[in-house]
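Per-entry structural report
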Amino acid sequence: MENKVTKIGVLTSGGDAPGMNAAIRAVVRTGIYNGLEVFGIMRGYSGMIENDIVPMHSRSVANIIQRGGTILKTARCKEFFEHEGRKKAHANLKKLGINGLVIIGGDGSFRGAHKLSQEFDIPCIGLPGTIDKDIAGTDFTIGFDTAVNTAVEAIDKIRDTADAHDRLFIIEVMGRDAGYIALHSGIATGAENILIPERKTDIEELVNGLLEKERRKKLVNIIVVAEGDRGAEDVAAIIKERVPSADTRVCVLGHIQRGGAPSCMDRLIASRMGYSAVESLIEGRYNVMIGIVNNKMHYTPLEKAVKAKQKISEDWLKIVKILAS
Ligand code: ADP
Ligand code: F6P
């Protein structure tokens, strides 16, 4: 491993998440404060391979803490899956003398960072940036709080119209492999059912529950479904067939959940994590993902951060069942 980190690169990779800009700002300003040179790598690993790398100054990150998206842009980069691609990327870093990296992204991005650090001996620090909250070793991921609040606001609005018309709504929220957005937004909006990929959906139980509610004239129902469980349209097709009397509508919230001004919570954790990333590089705590556990900074080796997911609490699932009657 190289000795002293003097020039660092920061990039955002994979799906964007609100708060990524706050994290970039923290990395740039903490780096400069500590006398490091800081470079922004554009479009994730694509910019690393194509040498799209720009010097960053304190002013480069002015007025971005409140903005969604990412000023560095983000991408998914096929070439980086191959050793040849990573070799090209490393050659570009070497030319500029970059000897430390901060990667803001999800588990895929960390997998790439882990490979790069193993093959080319370059220290990498991961910051969990994903609206899905599906990374172990942290209580929070940058973007989740904003995304879930966006979902809550939208579902509240849908409930108004559902209530006015006595309708059943199936609302699909994001989460390819994880049901956190569905679970949190569903509980917070009083959803009658929440379908998540971590738990096999019992369709019979769902249908029987709806029929029973219909018997006692409870016609307004909100079913929140994570995209990774099954599509909202699929669920709607089953319900339309099995509960034909229900006036059923579907709403897919989609990418609205990925944008917008980050919440206070996301700005705060992004700032703390960005600061900690640079401190770690300076102190020689390499190849870890920075998380926050019990309100303290927590360091997980990159190879472990990519393997495990957070666990859905059984208590929370029980709460859904009891409260949504
Ligand atoms: P996220 O980081 O949000 O999980 P992806 O899974 O799409 O997003 O990963 C982002 C990028 O990280 C990929 O496009 C690729 O460039 C890189 N990456 C992901 N997995 C690997 C891997 N196994 N080896 C090398 N690079 C990877
Ligand atoms: O990883 C975040 C996420 O929003 C997932 O929940 C979703 O399935 C995916 O990204 C969609 O990504 P894209 O539209 O960029 O392919």
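**Quick notes on the sheet that holds strand β3 (residues 53–56)**
Within the open sheet, the seven strands sit side by side as β3-β2-β1-β4-β5-β10-β11. Their pairing is mixed. In this open sheet, the two edge strands, each paired with only one partner strand, are β3 and β11 (296–301). Between one strand axis and the next, the sheet turns through 30° on average, direction left out of account. Packed onto the sheet, helix α4 (residues 107–120) meets β4 (100–105), β5 (124–128) and β10 (288–293) and runs at close to 165° relative to β4.

**Here's the deal with the sheet that holds strand β6 (residues 168–173)**
The parallel open sheet is built from four strands, whose spatial order is β7-β8-β6-β9. Each end of this open sheet is capped by a strand with a single partner; those strands are β7 (193–195) and β9 (248–252). Neighbour to neighbour, the strand axes of the sheet diverge by 15° on average, direction disregarded. In this sheet, β9 lies alongside β6 in parallel orientation, the contact comprising five bridges. Opposite isoleucine 170, over in β9, you have valine 250 as the bridge partner.

**Description of the environment of glycine 274**
Position of glycine 274 among the secondary structure elements: in helix α9 (residues 264–283). A relative accessible area of 0% places glycine 274 in the buried class. Residues glycine 274 and glycine 15, spaced 259 residues apart in sequence, show a C-alpha to C-alpha distance of 18 Å. Ignoring any residue separated from it by four or fewer positions in sequence, one finds glycine 274 in contact with Ala23, Ala26, Val27 and Leu127.

**Considering the site of ligand 1**
As a matter of local geometry, ligand 1 sits amid 16 residues, with Arg76, Cys77, Gly106, Gly108 and Ser109 nearest to it. Contact between ligand 1 and glycine 108: an oxygen atom at 3.0 Å from a main-chain N or O atom of the residue. Within the side chain of serine 109, a nitrogen or oxygen atom sits 2.5 Å from an oxygen atom of ligand 1. With six residues, α4 is the single largest residue contributor to the shell around ligand 1.

**Looking at the domain arrangement of the protein chain**
Domain parsing of the protein chain yields domain 1 (7–143 + 262–305) and domain 2 (144–258). Of the residues lining the interface, 16 residues belong to domain 1; the matching set on domain 2 comes to 14 residues. The junction of domain 1 with domain 2 conceals about 1200 Å² of combined surface from both sides, 52% of it contributed by carbon and sulfur atoms. In this structure, the salt-bridge partner of aspartate 16 is arginine 258, at a minimum N-O distance of 2.7 Å. Class assignment of the residues belonging to the side of domain 1 that touches domain 2 gives a composition of five nonpolar, five polar and six charged.

**So, the nonpolar core**
In terms of nonpolar packing, the biggest core is built from 61 residues, with Leu127, Ile181 and Ile222 touching the most fellow members. The leading source of residues in this core is helix α5 (residues 144–165), at eight residues. Both domain 1 (7–143 + 262–305) and domain 2 (144–258) contribute no fewer than three residues apiece to this core. Phe39, Ile53, Cys124 and Met289 belong to the second-largest nonpolar core, a separate cluster that totals 25 residues.

**Regarding the pattern of salt bridges**
Under the counting rule described, the total for this entry stands at 17 salt bridges. The shortest N-O distance in the salt bridge between glutamate 192 and lysine 218 comes to 2.8 Å. Pair noted here: glutamate 192 is in the loop between α6 (180–188) and β7 and lysine 218 is in the loop between α7 (203–215) and β8 (221–226), with a separation of 26 residues, a long-range link. The structure contains a network of salt bridges with shared partners spanning Arg43, Glu50 and Asp52.

**Some remarks on a nonpolar patch on the surface**
Among the surface-exposed residues, Trp316, Ile319, Ile322 and Leu323 lie close enough to one another that they form a single nonpolar patch of about 400 Å² accessible area. With respect to the element layout, leucine 323 can be found in helix α11 (residues 314–323). Relative accessible area serves as the criterion here: at 63%, leucine 323 is assigned to the exposed category.

**Remarks on helix α3 (residues 83–96)**
For α3, built from 14 residues, the straight-helix expectation of 20 Å at 1.5 Å per residue is met to within 8% by its first-to-last C-alpha distance of 20 Å. Those residues of α3 lying buried are Gly85, Arg86, Ala89, His90, Asn92 and Leu93. Taken end-on, α3 shows its buried residues confined to a sector of 155°, consistent with a single buried face. Along α3, the residues that are exposed and aim more than 90 degrees away from the buried face are Glu84, Lys94 and Lys95. Looking at the packing, one finds that the buried side of α3 touches β2 (37–41), α2 (45–49), β3, β4 and α4. Positive phi appears at glycine 97, one or two residues downstream of α3, with a value of about 80°.

Basis of the calculations
Residues numbered from 1 in each chain as written. Chains lettered and ligands numbered in written order. Predicted model: local features only at pLDDT ≥ 70, side-chain atom pairs only at ≥ 80, totals over all residues. Heavy atoms only, no water. Pairing = 2+ DSSP bridges. Helix = DSSP H or I, 4+ residues; strand = E, 2+ residues; numbered from the N terminus. Axes fitted to C-alpha atoms, helices over the stretch in contact; angles between N-to-C directions. Contact = heavy atoms within 4.5 Å. Buried < 20%, exposed > 50% of the residue type's maximum accessible area, 1.4 Å probe, protein only. Near = heavy atom within 4 Å. Polar contact = N/O pair within 3.5 Å; in protein donor to acceptor, adjacent residues only side chain to side chain. Domains from an automatic or database assignment. Buried area = accessible area lost by both parts, 1.4 Å probe. Salt bridge = Lys/Arg side-chain N within 4 Å of Asp/Glu carboxyl O. Nonpolar A, V, L, I, M, F, W, Y, C, P; charged D, E, K, R; others polar. Core = buried A, V, L, I, M, F, W, Y, C linked by side-chain atoms within 4.5 Å. Patch = residues over 30% accessible without salt bridge, like charges linked within 9 Å, V, L, I, M, F, W, Y side chains within 5 Å. Areas by Shrake-Rupley, 256 points an atom, 1.4 Å probe, with all protein chains shown as cover. Expected span 1.5 Å × (residues − 1). Arc of directions from axis to C-beta.

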